[in-house]
Structure formats: C-alpha cells, structure tokens
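One letter stands for each residue in the lines below.
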Amino acid sequence: MATVELTFTALPAHVRTARLVATAIARRTGVAEELLDEVRLAVGEACSRAVEAHRLHCPAEPVRIDLRDDGGRFEVTVTDSAPSEDVKPDLTEPNGGAIPEMAGLGIAVIAGLADEVEVSPGPKGMRIRMSWPASPNGLTVV
Amino acid sequence: MDLKLDHHSEDNLTIVDVEGEIDVYTAPRLRELLIDLVNKGNFHLLVNMEKVDFLDSTGLGVLVGGLKRVRAHDGSLELVCTQERILKIFRITGLTKVFGIYASVEEAKEAHGRDK
C-alpha cells in the first residue's frame, strides 16, 4: 500500500492542483484510462465542496486529501474541518424542472461518478471517501 | 488551462464561446459575463462548450443561474456540446432535460429560428 497525502489552503485556485495530482496518481496506480475523467471530476467536486465549507467556517484551516493504492483499488479521501449538516443530494424536481437549490449537487455528482462512495458528515467536518478499481500491481511501466 | 470567454451577437442570439476549465475558481467569471449580458438586454444566449475541457457542479450552477435569469425575461439559454465527458455530468444530474443541447452552433441557430 502506498499513500500520498496533500494538504492545501482552502482557496478555489488550489482545487485544480488537487485534481491534477489525483489524476496523476490514479494513472500511476493503474486506474483504467477511461475512468480518469471520472476521478478528476469526483475529486474536484469533493475538494470544491470542502473549500467552500472552509471559506464559510474556517478559512485558515487546510483541506486534506489522502490518495491510497490499496490492494487493487485506488482510494481518495477528502477531509474538511468545517461543521457539516447531513447534505442530501437534491436533483431535478420530479417533473424534470430546474433545480431550485444547487446545494448538495457536488455530492450527487460524486455519487454518480465514483465506483464506491462513503460520505461521513460530522460536527468536526466531513469526510468523503471514494474509490475506483485499479490494476493490482499498478502500472507496469514506471 | 485557464478559462477564456468571448461573445458575439448574431441576429437575436448571443453566442458565448467558452474555452478551458469551468470550476470553482473560474466559474465566477462566467457567472459575471452571463449576468452582464442579461443586464444589457441579451435574453437569448447560446453557450458554445465545444472547447471546454472540464466542467464541474459549480459550472452547472452558473448555467442554471443564467437560465433562471433569461427565463425571467422570456429568454432562452441553450448549449452546444458534443463532448461525452461534458455531457456525462449533465446526464448524471438530470440537466439534459433542462437545457437544450445541440451538436453545433448552426443546428442551435436553426432550432432557435424555428421557435421565432
């Protein structure tokens, strides 16, 4: 098992960096090429949500990402330090009308993209763990 | 890749060309442009996303916000997009039912003309 940890100040400009790092490590871990876009988007969504939460509640605290190569799975955990309510995905209205409230859309997108997702809200922050299948030995060409 | 924005009017339609990444960092610029266009009386917008490399839910929020604004003036906000990676996020969120999505600017202009 190999781990990369990344912490960054809660600034929107850093979310792109987090996406790039996650995608690079996913590729190296052996996540299939066609899944890399999903990794990039899901990790971006989780980091965007964390950055927004920190800017509201604790702008000085960094956001943390752990990227793990764990026995044939690529696992990403994004942890924030902002108190969170239980955010439920709020998609289109039953008649397919416009979305009245966009909050929670990011998590809905993650749920639609990641192979496995676990969202753990809590008074001290939210943890979003997501994972995708990877080749057991990572990329052979390194 | 940063976000590049450009726009021009053709007949009654304002075409907004977007290039690059629309995310939590860059989306505010797109939001400002859409608000500015609506404030200046452009109520029929066509957002060309063919050169967009990345779109997240922040970007979706901006597009939905723009749609709400133009609809308040009986206007329209439609999209040009053929990239599967971008269309996927519209499908996941059910927004394919909310936006008119066309394969080309020409196709969108034809459809827009028919509605007149």
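Residues numbered from 1 in each chain as written. Chains lettered and ligands numbered in written order. Predicted model: local features only at pLDDT ≥ 70, side-chain atom pairs only at ≥ 80, totals over all residues. Heavy atoms only, no water.

For chain B, the name recorded in an unreviewed UniProt entry is Anti-sigma factor antagonist, with Microbispora cellulosiformans as its organism. Quoted verbatim from the Function (unreviewed entry) heading of the UniProt record, the comment on chain B is "Positive regulator of sigma-B activity. Non-phosphorylated RsbV binds to RsbW, preventing its association with sigma-B. When phosphorylated, releases RsbW, which is then free to complex with and inactivate sigma-B." Its UniProt record gives chain B a comment under Sequence similarities (unreviewed entry), which states: "Belongs to the anti-sigma-factor antagonist family." (UniProt positions renumbered as here; feature names shortened; annotations may be inferred.)

If you check an unreviewed UniProt entry, chain A appears there as ATP-binding protein from Microbispora oryzae.

It is worth spelling out the sheet that holds strand 2 (residues 13–22) of chain B at this point. Residues and elements named next belong to chain B. If you walk across this open sheet you meet the five strands as 1-2-3-4-5, and the pairing is mixed. The open sheet has two edge strands, strand 1 (3–10) and strand 5 (101–102), and neither has a second partner. Bridging between strand 1 and strand 2 involves eight bridges; their strand directions are antiparallel. Bridge pairing links K4 to E19 in strand 2. (Pairing = 2+ DSSP bridges. Helix = DSSP H or I, 4+ residues; strand = E, 2+ residues; numbered from the N terminus.)

Another point: the interface of chain A and chain B. Interface extent is often summarised as the accessible area lost during association of the parts. Contacts between the two partners involve 26 residues from chain A, matched on the other side by 24 residues from chain B. In this assembly, chain A packs against chain B so that about 2,000 Å² is buried in total across both faces, 60% of it on carbon and sulfur atoms. Counting across the interface, chain A meets chain B through six salt bridges. Counting across the interface, chain A meets chain B through seven residue pairs in polar contact (both at pLDDT 80 or more). No other element matches the seven residues that helix 2 (residues 36–57) of chain A contributes to the side of chain A that touches chain B. (Contact = heavy atoms within 4.5 Å. Buried area = accessible area lost by both parts, 1.4 Å probe. Salt bridge = Lys/Arg side-chain N within 4 Å of Asp/Glu carboxyl O. Polar contact = N/O pair within 3.5 Å; in protein donor to acceptor, adjacent residues only side chain to side chain.)

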